[in-house]
Amino acid sequence: MGVLEIIVRVTLVTVLIKLVMATDHIVGGPDGGWDTSSDLQSWALSQKFSVGDNLIFQYPPNHNVIEVTKADYDSCQLTKPIQTYNDGKTTIPLTSPGKKYYICGTIGHCSTGMKVEIDTTLATASSSPVESPSPQEIPIIPSPGPEGLTLTPSPSAESPSYGVPLASSPLLDTPLETPTLSPMVPSTEFTGSAASPLENHSVDQPDSSSASKVMQAAVLSYLTMIVAF
């Protein structure tokens with residue numbers, strides 16, 4: 001396939017697309033028309049004119065359609081008319097982007113609002129935005145972690161957490177208990193069966209017989225001293 005044939009085919013497809021997408025704009029809208037009672041400026045602002053569209057003017061014999069310059073449009077003067085139509089139903093194709101200006105040539109009609117500015121743009125295909133998957137739609141794929149463990153991302157946490165062990169291990173199956181330590185508080189209470197250290201300690205008392213012997217010896221010594229004197 002030659003380059004020329006490719007160009008011809010692309011051009012033909014472009015023309016067909018434009019014909020399919022072309023819109024016929026009835027000037028003044030469904031509730032108005034090309035007359036002095038319609039709000040033509042508001043109607044034009046509410047429309048989107050693209051290359052390939054058509055303007056359709058419908059009007060009685062006392063009106064006409066004249067394409068003018070920007071200066072004549074603003075002043076409602078016919079100093080340099082570009083094109084004049086008076087067939088009662090005028091169809092004007094929009095073949096190029098840019099602004100075009102139309103007024104009614106009947107005296108006094110343009111000054112009462114019977115004029116319209118058409119801003120034509122290039123037709124562009126509307127493209128729908130690509131939706132990004134929500135966090136719930138993102139699949140969770142396990143990745144290998146330390147030996148014997150599967151590293152599974154947690155949807156609600158920023159850091160991964162370890163999941164189910166791949167291979168069972170006796171060390172992993174046995175729960176580890178953490179010993180609890182309580183402070184040692186000495187007890188001051190004694191049970192009934194245990195004797196108090198104070199009760200077990202007794203002061204040695206002199207034997208009664210020994211005391212009497214000492215007393216007798218003292219008495220004898222006292223008597224001997226008396227006899228000696």
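Residues numbered from 1 in each chain as written. Predicted model: local features only at pLDDT ≥ 70, side-chain atom pairs only at ≥ 80, totals over all residues. Heavy atoms only, no water.

**Structural notes on the overall build of the chain**
Here's step 1: Of regular secondary structure, the chain possesses 6 helices and 11 strands.
Here's step 2: In the chain, which comprises 229 residues, the proportion classed as buried is 20%.
Here's step 3: Within the chain, residue pairs in contact and separated by at least 24 positions form 59% of the contacts whose partners lie at least 6 positions apart.
Here's step 4: Surface accessibility of the chain: about 17800 Å² in total, with carbon and sulfur atoms responsible for 61%. (Helix = DSSP H or I, 4+ residues; strand = E, 2+ residues; numbered from the N terminus. Buried < 20%, exposed > 50% of the residue type's maximum accessible area, 1.4 Å probe, protein only. Contact = heavy atoms within 4.5 Å. Areas by Shrake-Rupley, 256 points an atom, 1.4 Å probe, with all protein chains shown as cover.)

**As for the state of the cysteines**
Here's step 1: With the rule as written, the count across this model stands at 1 disulfide.
Here's step 2: With a sulfur-sulfur separation of 2.1 Å, Cys76 is cross-linked through a disulfide to Cys110. Looking down the S-S bond of the Cys76 and Cys110 bridge, the torsion is -70 degrees, so its handedness is left-handed. Of this pair, Cys76 sits in the loop between helix H3 (70-75) and strand E5 (83-85) while Cys110 sits in the loop between strand E7 (98-103) and strand E8 (115-121), and the two are 34 residues apart along the sequence.
Here's step 3: Free of any disulfide, Cys104 has its nearest cysteine sulfur in Cys110, 8.4 Å distant. (Disulfide = S-S within 2.5 Å.)

**Quick look at the pairing of E7**
Here's step 1: In this structure, strand E4 (residues 65-68) lies alongside E7, joined through 3 bridges in antiparallel fashion. Bridging across to E7, Ile66 finds its partner in Ile103.
Here's step 2: The pairing of E7 with E8 spans 6 bridges and is classified as antiparallel. What sits directly across from Gly98, in E8, is Thr120. (Pairing = 2+ DSSP bridges.)

**Re the pattern of salt bridges**
Here's step 1: Counting across every chain of the model gives 3 salt bridges.
Here's step 2: For Lys70, the salt bridge identified is with Asp74, shortest N-O distance 3.1 Å. Here Lys70 pairs with Asp74, and both are found in helix H3, just 4 residues apart, close to one helical turn.
Here's step 3: For Lys70, a relative accessible area of 39% translates into the label partly exposed.
Here's step 4: Among the ionic pairs, Glu117 bridges to Lys99, the shortest N-O distance being 3.4 Å. With Glu117 in strand E8 and Lys99 in strand E7, the pair connects residues that are 18 residues apart, well separated along the chain.
Here's step 5: Residue Glu117 is classed as partly exposed on the basis of its relative accessible area, which comes to 27%. (Salt bridge = Lys/Arg side-chain N within 4 Å of Asp/Glu carboxyl O.)

**Examining the environment of Glu117**
Here's step 1: Distance from Glu117 to Lys70, taken between C-alpha atoms, is 9.1 Å for residues 47 residues apart in sequence.
Here's step 2: Excluding residues within four positions of it along the chain, Glu117 makes contact with Ala44, Tyr73, Lys99, Lys100 and Tyr101.
Here's step 3: Within polar-contact distance, the side chain of Glu117 engages the side chain of Lys99 at 3.4 Å. (Polar contact = N/O pair within 3.5 Å; in protein donor to acceptor, adjacent residues only side chain to side chain.)

**Some thoughts on the sheet that holds E5**
Strand-to-strand pairing in sheets goes through backbone hydrogen bonds, with the strands running parallel or antiparallel.
Here's step 1: In space, the 5 strands of this open sheet follow the order E2-E8-E7-E4-E5, with mixed pairing throughout. Single-partner strands in this sheet number two, and they are strand E2 (49-50) and E5.
Here's step 2: Here 2 bridges tie E2 to E8, and the two strands are oriented parallel to one another. From the neighbouring strand, Phe49 faces E8, where its bridge partner is Thr120.

**With respect to the environment of Thr69**
Here's step 1: One can find Thr69 in the loop between E4 and H3.
Here's step 2: Between the alpha carbons of Thr69 and Tyr102 there is a distance of 8.5 Å; along the sequence they are 33 residues apart.
Here's step 3: If near-sequence neighbours (up to four positions away) are discounted, Thr69 is found in contact with Lys80, Ile82 and Tyr101.
Here's step 4: Engagement of the side chain of Thr69 in a polar contact is seen with the backbone nitrogen of Asp72, the distance being 3.3 Å.

**Things to note about the confidence of the model for the chain**
Here's step 1: Per-chain confidence: the chain averages 73 in pLDDT, with 53% of residues scoring 70 or above.
Here's step 2: Note on residues 126-130: pLDDT under 50 across the span, and 0 contacts to partners over four residues away in sequence or across chains.
Here's step 3: Here residues 187-206 scores under 50 on pLDDT; set against residues more than four positions off or in separate chains, the count is 2 contacts. (pLDDT = per-residue confidence, 0-100.)

**Regarding the nonpolar core**
Nonpolar side chains in soluble globular proteins tend to be buried together.
Here's step 1: Grouped together as the largest cluster of nonpolar side chains are 17 residues, with contacts concentrated most on Trp34, Leu55, Phe57, Tyr102, Val116 and Ile118.
Here's step 2: If you list the elements that add at least two residues to this core, you get helix H2 (40-45), strand E3 (54-58) and E8.
Here's step 3: In terms of residue count, H2 provides more of this core than any other element does, 3 residues in total.
Here's step 4: In this view, Phe57 contacts Val27, Trp34, Val65, Gly88, Lys89, Thr90, Ile92, Tyr102 and Val116; residues no more than four positions away in its chain are not counted. (Core = buried A, V, L, I, M, F, W, Y, C linked by side-chain atoms within 4.5 Å.)

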